[in-house]
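Here are the chains, one letter per residue:
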Amino acid sequence: MDQSVAIQETLAEGQTCLIAVQGVLVGVESVESRLLGLVRSHGEHAIFIYTHRRMAITAEDVCLERVLPIAEGFAVEEVTPDSDLRVIGSDVTVQLRSGDAGLLVRLPFGSQTRTFLQDVGQCCPGVVGSEDIKQNEKNLAVNQSWSHDNVDKAALRQSKPKTEVTSAMVRSSTMMVSDKASLLSVKKFELRDTIVKSQLVQKEDSYTSIQNFRFFVGTYNVNGQSPRGSLQPWLSHDIEPPDIYCVGFQELDLSKEAFFFNDTPKEEEWFKAVTDSLHPGAKYAKVKLIRLVGIMLLLYVKADLAPNISEVEAETVGTGIMGRMGNKGGVAIRFKFHNTGVCVVNSHLAAHTEEYERRNQDFKDICSRMQFCQADPSLPPLTINKHDVILWLGDLNYRIEELDMEKVKKFVEEKAFLALYQHDQLKRQMDEKAVFEGFTEGEISFQPTYKYDTGCDDWDTSEKCRAPAWCDRILWKGKNITQLSYRSHMALKISDHKPVSSMFEIGVKVVNEELYRKAFEEIVRSLDKMENANIPSVTLSQREFFFKDVKYMQLQVEKLTIRNGQVPCQFEFISKPDEDTYCKEWLIANPCKGFLLPDSEIMVELEMFVNKSTATNLNSGEDKLEDILVLHLDRGKDYFLSVTGNYLPSCFGSPIHTLCYMREPIQDMSAESIRDLTLMPLRMSGEAFQSEKPLDIPKELWMMVDHLYRNASQQEDLFQQPGLRSEFEHIRDCLDKGMHDTLLGSNHSVAEALLLFLESLPEPVICYEFYTLCLESASNYVLGRQIVSRMPECHKNVFKYLMAFLRELLKNSGKNRLDANILASIFGGLLLHPPPGQPKPDITEKRKAQQFIHQFLLREDNSP
């Protein structure tokens, strides 16, 4: 994820964040993360250092701590602190100094850190190149002026770190360990354009050979427990040490703090436990750690193989409630090992035996939404399937079906695993090609890994008495992959799951540099002959696209084939004059740019998707599904594509007061009526339609709440477990067409539809004008009631109706496991958020919004 976007939102006009990298302070008692951004201002540069609470997505997630100008006296050193000598690591520890201010920070191994340090070096004129600097030489001293009149100079001062840095510990910051492996991705041989790179990929077999390496893949659902004892029975089971470790955890932390704010001390506990339990027969370097709430993935490599790792990127996808919450979802690390692209995915899919369709959907969501930026910004992001080797691990949560508890246990006692496996949901879904298509799983010769009583090997004896199941799985996809072992580890007993591991022997493409140079020179010679020979031109499969009956949050895709002629060409969709983007917000071209060799073709998907940010203007007619795309060829001409469609208006994205005046279903109303009601100012609504009394609350809201009140008051995990997308689409259609008889779908699908409805409101339930007042009265119930009484009638009615409903749910908390804190956390940000154009709420404001809602959940409000 590009965290420079969050930094950019904090900067003044004229300042630009060029690149950002996340690191950890060295020489402090606790683990303190920092975000470093290289910022340019009017031709001068500085490093901005931010504190942050999580992966920085927006300005609300970061806080500026200090600025280090890249000016006279600035120096950057790569060092090896004493604390790192015990375990050789591939993370980069860097000493930054500017005047008397300094910082010692550990940056993660990978392409982002390498690029960051290279860019810092390029901002410093007079720096000696990497070819003139050897290990253990003195630090790089660089000079450049930096205008920092707006910087508090006192904030720049920092005491020297505790770790003493000596000249013998210094290495060149430009000598990254992965330079050799990144042969094809940097300009080492002056690779000027994508043509050379593409043809090198085509000729790959001529300069690579296959060498085998051992990959350990492990997964463990730890049920929120802290590590106790060594993990070596799991991680170091074999005599021969693996070359690479891929270690995944689920349910690292089950606390509400972790769920809502993605903060947990368990990350450091389990990271240390893993590091201390790696195979004693080798030294390892940590390559990357990535975590989403309780889903964590660690990647290690043998220290002597670290120079062959490059292009490391990591991403997360939440598939929990509303498609975003991170209690379920996946994390992934992609990297290049020698010349083979590897992607490792750790996922925690939806729970409960009957939810196999939801698990299938989670898998598809992770595959479609997980995208990795490439080192070359001209290339589109990589998806999971765009890798040579894919290793997928995790608590996939597929269960055993059609067998009662005793029958399952009897199969296990008899070790009749093959017979039991015939009833495994994952096997059946894969046989039907409903999920994990193209993946392979080895033979399961161990007993189910779930569910046990904590501390022993007894099956679950709790009140729920869950049936045994193979929830924890490891699958793979790709060529030259041999599974050497697949097993569980019964010796670890701290969780209700048992850890699982698999050892793979994977054939990796290793570059012969001499053959590579020869292939490269041949390509360059052939290109020289045809350079400037012709102007690129392409043939398009069609130039007009119509999207019929587009619905709210329902993706439609049209396909465009671009067929190239005889000249290699680079294509890109470009913005039109006076427009910032190449298309409107509800449209995207995937890929939006790329490269074509002669006589080749590419399929481009035009994706139309209407969400909360675009629905209101489409409902009102202020925007229409009409756009022109400009396809530009480098050194060639432009092609123009017409994109149109018709949008079916929806209650999603409609204002509350508009819906209160709609007695008919929205799709039965004329476009003119919808437009008039949608554009009607909130405070004028009563005056403008005095002849017709509005409904107290929108009928669509009543339908959803009434359904939940009658059917879901005792539903476990309500508002915390997502529903099915297909059921949401049916619920949306019922609301928009006035099908009042029933809302078909699970309780979880109706609950999620309610949350999505509230999220889509252009004016939240608590109007924007009251946002600040509500935060100020977060702990004063009397003032809070007074603010609610001043809200427009329809908004006041909706707020009171929702609070009454949520209080009814709390009366059944023994069954539905809800409490006021959970509901306040879920509904706080939906009912109360700042106006457009204002910064997104920080952690303090989020907590106050929750506190404001919380006080209404604990007290009955009988005021009129």
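Structure's up top.
Residues numbered from 1 in each chain as written. Predicted model: local features only at pLDDT ≥ 70, side-chain atom pairs only at ≥ 80, totals over all residues. Heavy atoms only, no water.

S.K.: Give a description of the overall build of the protein that names residues and reports values.
M.R.: The helix and strand tally for the protein stands at 24 helices and 30 strands. Across the 864 residues that make up the protein, the buried fraction comes to 56%. Here the contacts in the protein between residues at least 6 apart in sequence split such that 71% fall between residues at least 24 apart. As displayed, the protein offers around 37600 Å² of accessible surface, 48% of which is attributable to carbon and sulfur atoms. (Helix = DSSP H or I, 4+ residues; strand = E, 2+ residues; numbered from the N terminus. Buried < 20%, exposed > 50% of the residue type's maximum accessible area, 1.4 Å probe, protein only. Contact = heavy atoms within 4.5 Å. Areas by Shrake-Rupley, 256 points an atom, 1.4 Å probe, with all protein chains shown as cover.)

S.K.: With reference to specific residues and values, describe the state of the cysteines.
M.R.: Here a disulfide denotes one covalent bond, and it connects the sulfur atoms of two cysteines. Per the stated rule, a full pass over the model turns up zero disulfides. The structure places no disulfide on Cys343, whose sulfur is separated from the nearest cysteine sulfur, that of Cys367, by 9.1 Å. (Disulfide = S-S within 2.5 Å.)

S.K.: Which residues make up a nonpolar patch on the surface, and what are the values?
M.R.: There is a patch of nonpolar side chains on the surface, built from Leu555, Val557 and Phe609 and spanning about 230 Å² of accessible area. Here Phe609 falls in the partly exposed class, since its relative accessible area comes to 31%. (Patch = residues over 30% accessible without salt bridge, like charges linked within 9 Å, V, L, I, M, F, W, Y side chains within 5 Å. Salt bridge = Lys/Arg side-chain N within 4 Å of Asp/Glu carboxyl O.)

S.K.: Just give me the short version of the nonpolar core, but keep the residues and values in it.
M.R.: It is characteristic of soluble globular proteins that their nonpolar side chains tend to be buried jointly. Grouped together as the largest cluster of nonpolar side chains are 104 residues, with contacts concentrated most on Phe719, Leu758 and Phe799. Element by element, the count of residues in this core is highest for helix α21 (residues 793-810), at nine residues. Among all residues touching Phe719, those that are not within four sequence positions of it are Ile321, Leu708, Ala751, Leu754, Leu755, Phe805, Leu806, Leu809, Leu823, Ile826 and Phe827. Judged by nonpolar contacts, the second largest core, of 51 residues, contains Val287, Val301, Val312 and Phe417. (Core = buried A, V, L, I, M, F, W, Y, C linked by side-chain atoms within 4.5 Å.)

S.K.: With reference to specific residues and values, describe helix α23 (residues 820-831).
M.R.: For α23, a buried count of 10 out of 12 residues is recorded, marking the element as mostly surrounded by other parts of the structure. Those residues of α23 that fall on the buried side of the exposure criterion are Ala820, Ile822, Leu823, Ala824, Ser825, Ile826, Phe827, Gly828, Leu830 and Leu831. Where α23 begins, one side-chain oxygen reaches toward the backbone nitrogen of Asn821, 3.0 Å away; that side chain belongs to Asp819. (Polar contact = N/O pair within 3.5 Å; in protein donor to acceptor, adjacent residues only side chain to side chain.)

S.K.: Before we move on, can you summarise the packing of helix α16 (residues 699-711) against α21 with the specific residues and values?
M.R.: Taken N-terminus to C-terminus, the directions of α16 and α21 make an angle of 10 degrees; their axes are 11 Å apart at the nearest point. Regarding the angle of α16 to α21, the classification is roughly parallel. Touching Leu701, Trp702, Val705, Asp706, Leu708 and Tyr709 of α16 are Val798, Tyr801, Leu802, Phe805 and Glu808, all from α21. Here the contact of α16 with α21 is composed, by residue class, of nine nonpolar, no polar and two charged. (Axes fitted to C-alpha atoms, helices over the stretch in contact; angles between N-to-C directions. Parallel < 35°, antiparallel > 145°, perpendicular 65-115°, else oblique. Nonpolar A, V, L, I, M, F, W, Y, C, P; charged D, E, K, R; others polar.)

S.K.: Would you mind going over the environment of Trp476 in detail, with residue names and values included?
M.R.: For Trp476, the position within the fold is in strand β19 (residues 472-478). Along the chain, Trp476 and Gly438 lie 38 residues apart, while their C-alpha atoms are 8.7 Å from each other.

S.K.: Would you mind going over the sheet that holds strand β18 (residues 389-395) in detail, with residue names and values included?
M.R.: Two orientations exist for strands paired in a sheet by backbone hydrogen bonds: parallel and antiparallel. Here we have five strands laid out as an open sheet, ordered β13-β14-β15-β18-β19, and mixed in their pairing. The sheet terminates laterally at β13 (309-318) and β19, the two strands that pair on one side only. Within this sheet the neighbouring strands show an average axis-to-axis angle of 15 degrees, counted without direction. Across seven bridges, strand β15 (residues 340-348) lies against β18 in parallel orientation. Among the inter-strand pairings, Ser347 is bridged to a residue of β18, identified as Gly394. Along the sheet, helix α7 (residues 356-369) contacts β13, β14 (329-337), β15 and β18; its crossing angle with β13, the most-contacted strand, is approximately 135 degrees. (Pairing = 2+ DSSP bridges.)

Everything listed here is a matter of coordinates, which is why it stays silent on function.
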